[in-house]
Each structure stands twice: as structure tokens, then as C-alpha cells.
Amino acid sequence: MVTKDFNSLLVKRLLDKDPTALDYLYDHYSSALYGIIFKTLNHHEMAEETLHDVFLKIWNQIEKFDRSKGTLFTWMYRIARNRAIDVRRSTDFKVQDKSDDITGFVDMFESEGNQEDYIGLSGVLNEIGAMCKKLIQLNFFMGYSHAEISEKEEMPLGTVKTRLRNCLLSIKDKLKKDFE
Amino acid sequence: MNKQEILKEGYLVAYITGELTSEQTREIEKFISSDEEVKHEYEDLERILEMLSFDRAVTPAATVKKLIMEHRDVQKKSTDHSMLRYMVAASVFIAIVSAVASLYYRGEWQSAERELSDLNLQHQELAEGFQFVKNELASNQVQFDVVNSPDFRRIILDGTPNAASAKTVLFWNPEQEEIYLNSSTLAALPEGKQYQLWALKDGQPIDAGVFDADAASFQVMKNIAQADAFAVTVEQVGGAASPTLSTMQVYGEA
């Protein structure tokens, strides 16, 4: 796959501490990772500081990336998600009164997508239902664990896990042609 | 944990988000690397996550990138002690090299200075030699001029009974009052003695200067305008006010 080959080349250049690779990495992935971080923190200044730290961590710890355990994006996503969760839990963040309450939930999929919708993702998201979108948003974007979602949505843990998986697989089914 | 549990109970999603314990993580990784179905579903979920993330991307402020690019070297500095050590080693090396070089060049410099000093000495010797030759030449030129000049009268002073074999030649130019004297035939004198030339005019001796016998060249004597005769006596060094006639060596009439 061209993308994988390209990413392994990118990783190699990052390992060589090539600054242009960091430049490229940032240009291609910063917005996607910032979306995750910002939705977790809902605070631009803190989110931007976090993004800064995340990219430096990616840059400094690229040798910890193991392709056999997943894609480069998955690895970077974990770093961004965990870092954002840590910031949200920090006293610094709580002092600024950034509530980690889910009650003020806003469906982020209501707004227009950032990317050109060439794969028809918007239509697919509309089809999978409000609960699916909420579970995905809470788990993937806002940094809540299955257990936290279960507690806050008053839904059994097993149900959260199963429904989330089914939601994701239904996206895959509806976009089947892209997964061949 | 079996394959169906992993698939149905959402472990792969939890693995992606990093919610699992390290023990669960190891087990899931084992399945991903060994089971095609698990691996396939994991890759599908990764792909969906990436699609959704890009679909919901938010552009951060431009300053973030600038700061990241500026700060990317900060971490490196902690490991840069090796660079520091290298630089210290390099500076020590440079110090040693320059010390050796300065010793070497000091040696070269000293040797050059010795050579220069030698050359200066040689030059001085040559200059002295040249000056000597030049003086000789000048002296000879004077003698030649004196001998050949029609203005100089050549007067032979013959030996008295005190020095029968002695003979002195005197050149006198009464117009210019100049007197030159060749003392080469006079005998050497004991310590403390000098010859003295006298001009005799109307029986009165006039001091015409003292000279040494061993100076084998023309002696320039005092200026004398008028003389009937010349005589040389032996006197104390520096000369006497009046001649000691008993010591007269040579005598000749002008």
C-alpha cells in the first residue's frame, strides 16, 4: 500500500531527526490530532499547549513507534488522547474550571465536516443514529473510557462496548467499497 | 480471553484508545499478530478512527507549529553532553597542538634569530672590511696625490749618529702648511716614548706633532708654514715643549 510505504519512509526520516519530516508530519496530522485534543479539553489555549507537547513527544520518542502494533496515526492518536486526558485531570485545568461534565454535550457531527466528504462519511454518520455518534464522540474524541461512558450514560459497560463496536463496524459496512 | 471475547466485547477499540491494562494489552497484541480475523478488524477500526479524526479536524493556531519547530532541539540538548565532551576534547587537542606548534616555532624563531645575528655579524665584518679597504684606498690616494703633487716638496731626513741607518721621507706643502711623514724606517720605541717632529726656523724649534714608529703609513703632522730644516727626536709620550737634542734620530734641510 502506497500510504504505508510512504509512512514508513516518513518514520525513517523522523528517526533520522530530519526536521523537514517533522514539518511534513505536522502539516498532515496536526489538525486531525488537534480535533481530538480540542474536543477533549474544549479550551483552545490549553489544547494548543497540549498539541505542542504531543508533537515534541512524537518527535522525541519516534523510536518507540512499532509498526507491527498499528499505524503511525493510531500511535500518535494514543499519545494525543492520553496527553489531553492527563491535562484535563490536572489541577491546572480544574483550577481554570474546565468542567469534565458530559451534560453540556454538543453533537460535533452536527456541523459540517472539515474535510471534503469524498468518501460520503457525512451521509454514513447520519445513518448510524444519534447514540452511535455520541458513543464515538465520547470515546474517540472526548477521551472518555468505556467505564466512564457507562457511568455517565447510565448504560451497562458491556452494552457500551458492544454498541460502540457495532457502530464502528456499521460505518465500515456502509463504506464497504473503501475497505476492500 | 478468547478470540470471540476480544471481538464482541470491544477489546480492540479499547486497545486503540489505550484503555487496557498492560496485561490485557499484551494479550490483544498477541492475537493481532497471530489471528488474521482479529488483525483485520483491528486494521478496519484504525482506519475508521483515522477517517473520523480527519473528518473532524480542527486547525490549530499557526504559532503552535512555529514553537514546535523552535523547541524540537531542546530535548536534544540533554543528550548533547557528548557534543560538549567532544568540544572540550577538541579544545584540549587544539591547546596541545598550539603548544607544540609554539615550541616548534619558538625554536624556529630562535634559530632564525641566531642566523640573523650571524648575518649581522658577517655584515658588520664585511662593512668593517670594506671601511678598512676604503680607508686604505683613501689613505693611498692621499699618499699618491701628495707624492705626485707639484705643490709638495720632498725632503729626505737622514739618520744621525744616533740612528745611522734610519731615513725618513717628509712631504711639505708650504702654501697649504701641510706636512706628511713616512715613518716606516724608524725603529720601534720602548713603552712611554714617542717620536716628535720639529720644524727649525731661524734656529728655533717648532713642534710639528708626535707619531709612533710602528704606524706603517703616512703620518699627518701639524701645520707648518715656514721651516729651514726638520728634525725628529725621541720624547715622552705626548711630546715635549722643546726638543731633547741628544736623542735626535734624523735631520734634513728644507
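Cut-off values and rules
- Residues numbered from 1 in each chain as written.
- Chains lettered and ligands numbered in written order.
- Predicted model: local features only at pLDDT ≥ 70, side-chain atom pairs only at ≥ 80, totals over all residues.
- UniProt positions renumbered as here; feature names shortened; annotations may be inferred.
- Helix = DSSP H or I, 4+ residues; strand = E, 2+ residues; numbered from the N terminus.
- Buried ≥ 20, exposed ≤ 12 C-beta atoms within 10 Å, placed from the backbone.
- Contact = placed C-beta atoms within 7 Å.
- Pairing = 2+ DSSP bridges.
- Expected span 1.5 Å × (residues − 1).
- pLDDT = per-residue confidence, 0-100.
- Core = buried A, V, L, I, M, F, W, Y, C linked by C-beta atoms within 7 Å.
- Nonpolar A, V, L, I, M, F, W, Y, C, P; charged D, E, K, R; others polar.
- Arc of directions from axis to C-beta.
- Axes fitted to C-alpha atoms, helices over the stretch in contact; angles between N-to-C directions.
- Parallel < 35°, antiparallel > 145°, perpendicular 65-115°, else oblique.
- Left-handed = near helix turned anticlockwise from the far one by under 90°.

- Per an unreviewed UniProt entry, chain B carries the name Anti-sigma-K factor rskA and comes from Reichenbachiella agariperforans.

- Looking at an unreviewed UniProt entry, one finds chain A named RNA polymerase sigma-70 factor, ECF subfamily and attributed to Reichenbachiella agariperforans.
- UniProt lists a comment for chain A under the heading Sequence similarities (unreviewed entry), and it reads "Belongs to the sigma-70 factor family. ECF subfamily."

### Section: the overall build of chain B
Thinking step 1. When helices and strands are counted, chain B shows seven helices and eight strands.
Thinking step 2. Counting every position in chain B, which comprises 254 residues, the buried fraction comes to 23%.
Thinking step 3. In chain B, the share of contacts with a sequence separation of at least 24, taken over all contacts with a separation of at least 6, comes to 59%.

### Details of the overall build of chain A
Thinking step 1. Per the secondary structure count, chain A includes nine helices and zero strands.
Thinking step 2. When the 180 residues of chain A are sorted by exposure, 34% land in the buried category.

### Section: the pairing of strand 7 (residues 229-236) of chain B
Residues and elements named next belong to chain B.
Thinking step 1. The element strand 7 is extensively covered by neighbouring structure, given that six of its eight residues are classed as buried.
Thinking step 2. The sheet contact formed by strand 4 (residues 193-201) and strand 7 spans eight bridges and is antiparallel. Paired with Tyr195 across the strands is Val234, a residue of strand 7.
Thinking step 3. As paired elements, strand 7 and strand 8 (residues 250-253) share four bridges and run antiparallel to each other. Paired with Val232 across the strands is Val250, a residue of strand 8.

### A word on helix 4 (residues 72-89) of chain A
Thinking step 1. In this model helix 4 of chain A runs 26 Å from its N-terminal to its C-terminal C-alpha over 18 residues, within 8% of the 26 Å that 1.5 Å per residue would give.
Thinking step 2. Of all 18 residues in helix 4 of chain A, 13 are buried, a share of seventy percent or more.

### Section: the confidence of the model for chain A
Note that predicted coordinates carrying low pLDDT should not be read in detail.
Thinking step 1. Chain-level statistics for chain A give a pLDDT mean of 86 and a share of 84% at 70 or above.
Thinking step 2. Across chain A, helix 4 of chain A holds the top mean pLDDT of 95, while helix 5 (residues 91-95) of chain A sits lowest at 69.

### What about the nonpolar core?
Thinking step 1. Leu33(A), Ile37(A), Leu51(A), Met76(A), Ala80(A), Leu12(B) and Leu45(B) are the most contacted members of the largest nonpolar core, which has 60 residues in total.
Thinking step 2. Per element, the largest residue contribution to this core is 11 residues, and it comes from helix 2 (residues 19-41) of chain A.
Thinking step 3. Apart from the residues within four sequence positions on either side, Met76(A) is in contact with Tyr29(A), Leu33(A) and Ile58(A).
Thinking step 4. Leu197(B), Val210(B), Ile224(B) and Phe230(B) belong to the second largest nonpolar core, which has 24 residues in total.

### Observations regarding the interface of chain A and chain B
Thinking step 1. Counting residues at the interface gives 49 residues for chain A and 37 residues for chain B.
Thinking step 2. The leading source of residues in the side of chain A that touches chain B is helix 2 of chain A, at 11 residues.
Thinking step 3. Taken together, the residues of the side of chain A that touches chain B sort by class into 23 nonpolar, 18 polar and eight charged.

### Remarks on unusual backbone geometry
All names here are of chain A.
Thinking step 1. Although it is not a glycine, Lys17 sits at a positive phi angle of roughly 60°.
Thinking step 2. Secondary-structure assignment places Lys17 in the loop between helix 1 (2-15) and helix 2.
Thinking step 3. Residue Lys17 is classed as partly exposed on the basis of its 14 C-beta neighbours within 10 Å.

### Remarks on the environment of Asp18(A)
Residues and elements named next belong to chain A.
Thinking step 1. By the secondary structure assignment, Asp18 is in the loop between helix 1 and helix 2.
Thinking step 2. Its 13 C-beta neighbours within 10 Å are what place Asp18 among the partly exposed residues.
Thinking step 3. Separated by 41 residues in the primary sequence, Asp18 and Trp59 place their C-alpha atoms 9.8 Å from one another.

### Focus: helix 3 (residues 22-34) of chain B
Residue and element names in this part refer to chain B.
Thinking step 1. Taking 1.5 Å per residue, 13 residues should reach 18 Å; helix 3 reaches 18 Å between its end C-alpha atoms and fits that length.
Thinking step 2. Within the sequence span of helix 3, burial applies to Ile28, Phe31 and Ile32. Looking straight down helix 3, one finds its buried side chains confined to an arc of 100°; they lie on one side. Looking at helix 3, the residues exposed on the side facing more than 90 degrees away from the buried face are Ser22, Glu23, Arg26, Lys30, Ser33 and Ser34.
Thinking step 3. Contacts from the buried residues of helix 3 go to helix 1 (3-8), helix 2 (11-17) and helix 4 (36-55).

### Some points on the sheet that holds strand 3 (residues 178-182) of chain B
Residues and elements named next belong to chain B.
Thinking step 1. Read across the open sheet, the eight strands follow the order 5-4-7-8-1-2-3-6; overall the sheet is antiparallel. Two strands lie at the open edges of the sheet, namely strand 5 (204-211) and strand 6 (218-220), each paired on one side alone. Here the average twist between neighbouring strands, direction ignored, is 30°.

### Description of the pairing of strand 4 of chain B
Residue and element names in this part refer to chain B.
Thinking step 1. Pairing of strand 4 with strand 5, which is carried by six bridges, proceeds in the antiparallel orientation. By the bridge assignment for strand 5, Tyr195 is matched with Phe211.
Thinking step 2. Counting the residues in the hairpin turn of strand 4 and strand 5 gives two residues, including Asp202, whose phi is positive at 55°.

### Focus: the packing of helix 6 (residues 121-128) of chain A against helix 9 (residues 157-174) of chain A
Residue and element names in this part refer to chain A.
Thinking step 1. Look at helix 6 against helix 9: their axes get within 10 Å of each other, and the N-to-C directions meet at 135°. The angle between helix 6 and helix 9 places the two elements in the oblique class. At the point where helix 6 passes helix 9, the crossing takes the right-handed sense. Along the contact surface, helix 6 presents Val124, Glu127 and Ile128, while helix 9 presents Cys167, Ser170, Ile171 and Lys174.

### Here we look at the confidence of the model for chain B
Thinking step 1. Looking at chain B, pLDDT values average 85 and 93% of them are 70 or higher.
Thinking step 2. Interface scoring of the predicted complex returns ipTM 0.90; its pTM is 0.57.

### Thoughts on the packing of helix 3 (residues 44-60) of chain A against helix 5 (residues 62-71) of chain B
Thinking step 1. Between helix 3 of chain A and helix 5 of chain B, the shortest axis-to-axis distance is 10 Å and the interhelical angle comes to 35°. By crossing handedness, the relation of helix 3 of chain A to helix 5 of chain B is classed as right-handed. Of the residues in helix 5 of chain B, those in contact with Glu48(A), Leu51(A), His52(A), Phe55(A) and Leu56(A) of helix 3 of chain A are Val64(B), Leu67(B), Ile68(B) and His71(B).
Thinking step 2. Residues that form the contact of helix 3 of chain A with helix 5 of chain B fall into these classes: six nonpolar, two polar and one charged.

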